[in-house]
Amino acid sequence: MRPVVLHVEDLTIHFGGIHALEGSSFYVKEGQITGLIGPNGAGKTTVFNLLTGVYTPDRGDIYLENKSLLRKKTYQRCRMGVARTFQNIRLFKDLTVADNIKAAMSHQFKYPLLSGIIRGRGYRRDERTAAERADQLLELTGLSGSAELMASQLPYGQQRKLEIARALASQPKILLLDEPAAGMNPAETEDLKDMIRMIRDKLSVSVLLIEHDMNVVMDLCEYIFVLDYGRIISRGTSDKIQNDPKVIEAYLGGELNGDYA
Ligand SMILES: Nc1ncnc2c1ncn2[C@@H]1O[C@H](COP(=O)(O)OP(=O)(O)OP(=O)(O)O)[C@@H](O)[C@H]1O
Ligand SMILES: [Mg+2]
């Protein structure tokens, strides 16, 4: 049995009258790709905002390797090993691809990268380590050839990959991906699937994946939780989820087996 890396109990948050999450519990096992799916507005992104400390839950708790994250700030959770990408890409458009990754590593070094005024020996050593690690991530995400381009010059699919590389720069234990395949063409999506598998295998990172593209979810996820109106309505393997009438109903009329996008 694999250990659980992240678990969430009774997670609840209301925005005025909206019950964005209502008593949801789920977990991610170490070394697995776990899916978090559900129709628009189900509460998926809200889960990520709670996991990363953007919101504080009204009720419930979040544990990373059995340690509660509840009182930790966003940057502390990042240091403890939680990293995310955003549904809408957030990159430093006017930094190079490589510098976007290095900027996300800053907290791991004694000397501030990209802004070293007195560039002593310590700074140069940190800069070298950062550059080596950035190179590894660029290679893993297939962006090595674009390292010196401005982030804004990358095609959309590659910007999404850079977001993932940036998230990995903090050396997370768990990577939260919010709709990474959104807006990608079929070839880019295939590429993305290989990349996510490689991240899990080579970097030993566990993954929690929000995704509307069911081909991606069914191909990648060993286990899936389904949210609807803030509640977990089903969980299990892709076979079980695809045939669960509650899930099919939530997605309105059985589109889950078709091209729900
Ligand atoms: N800051 C907020 N203030 C008010 N309502 C919010 C806030 N954040 C989320 N909500 C509401 O909570 C519900 C869940 O939103 P959320 O963004 O988590 O859905 P989602 O499952 O990610 O949807 P999608 O698939 O469209 O991205 C929605 O009704 C949304 O309008
Ligand atoms: Mg969302």
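Up top is the structure these notes are about.
As a starting point, this report considers the structure included with it. Since we're looking at a predicted model, the values are computed, not measured.

Quick look at the pairing of strand β1 (residues 4-15)
As paired strands, β1 and strand β2 (residues 18-29) are joined by eight bridges and run antiparallel to one another. Note that in β2 the partner of leucine 6 across the bridge is valine 28.

So, the site of ligand 1
Taken together, 15 residues lie around ligand 1, and Gly41, Lys44, Thr46, Gln87 and His212 are the ones closest in. Between ligand 1 and glycine 43, the relevant distance is 3.0 Å, taken from an oxygen atom to a main-chain nitrogen or oxygen of the residue. At 2.8 Å from an oxygen atom of ligand 1 is found a side-chain nitrogen or oxygen belonging to histidine 212. When ligand 1 is considered free in solution it has 640 Å² of accessible area, and contact with the protein chains removes 66% of it. Counting only elements with at least two residues in the shell around ligand 1, the list comes to β2 and α1 (44-51). At three residues, the largest contribution of residues to the shell around ligand 1 is made by α1.

A word on the packing of helix α5 (residues 156-168) against helix α6 (residues 186-203)
At their nearest, the axes of α5 and α6 sit 11 Å apart, and the two run at 10° to each other. For the element pair α5 / α6, the angle class is roughly parallel. Every residue of α6 that contacts α5 at Gly157, Lys161, Ile164 and Leu168 is listed here: Glu188, Asp191, Leu192, Met195, Ile199 and Leu203. The class makeup of the residues in the contact of α5 with α6 is six nonpolar, one polar and three charged.

Observations regarding the pattern of salt bridges
As a working rule, side chains carrying opposite charge can pair if their charged atoms are close by. The tally for this structure, following the rule as stated, stands at eleven salt bridges. Glutamate 163 serves as the salt-bridge partner of arginine 166, at 3.2 Å between the closest nitrogen and oxygen. Here arginine 166 and its partner glutamate 163 are both found in helix α5, three residues apart, which amounts to about one turn of the helix. Using a relative accessible area of 1% as the deciding quantity, one classes glutamate 163 as buried. Residue glutamate 190 is joined to lysine 193 by a salt bridge in which the shortest nitrogen-to-oxygen separation is 3.1 Å. Note that glutamate 190 and lysine 193 are positioned in helix α6 at a spacing of three residues, about one turn of the helix. The class of lysine 193 is buried, set by a relative accessible area of 4%. The network of salt bridges with common partners includes Asp10, Glu22 and Arg59.

Scoring rules and cut-offs
Residues numbered from 1 in each chain as written. Chains lettered and ligands numbered in written order. Predicted model: local features only at pLDDT ≥ 70, side-chain atom pairs only at ≥ 80, totals over all residues. Heavy atoms only, no water. Pairing = 2+ DSSP bridges. Helix = DSSP H or I, 4+ residues; strand = E, 2+ residues; numbered from the N terminus. Near = heavy atom within 4 Å. Polar contact = N/O pair within 3.5 Å; in protein donor to acceptor, adjacent residues only side chain to side chain. Areas by Shrake-Rupley, 256 points an atom, 1.4 Å probe, with all protein chains shown as cover. Axes fitted to C-alpha atoms, helices over the stretch in contact; angles between N-to-C directions. Parallel < 35°, antiparallel > 145°, perpendicular 65-115°, else oblique. Contact = heavy atoms within 4.5 Å. Nonpolar A, V, L, I, M, F, W, Y, C, P; charged D, E, K, R; others polar. Salt bridge = Lys/Arg side-chain N within 4 Å of Asp/Glu carboxyl O. Buried < 20%, exposed > 50% of the residue type's maximum accessible area, 1.4 Å probe, protein only.

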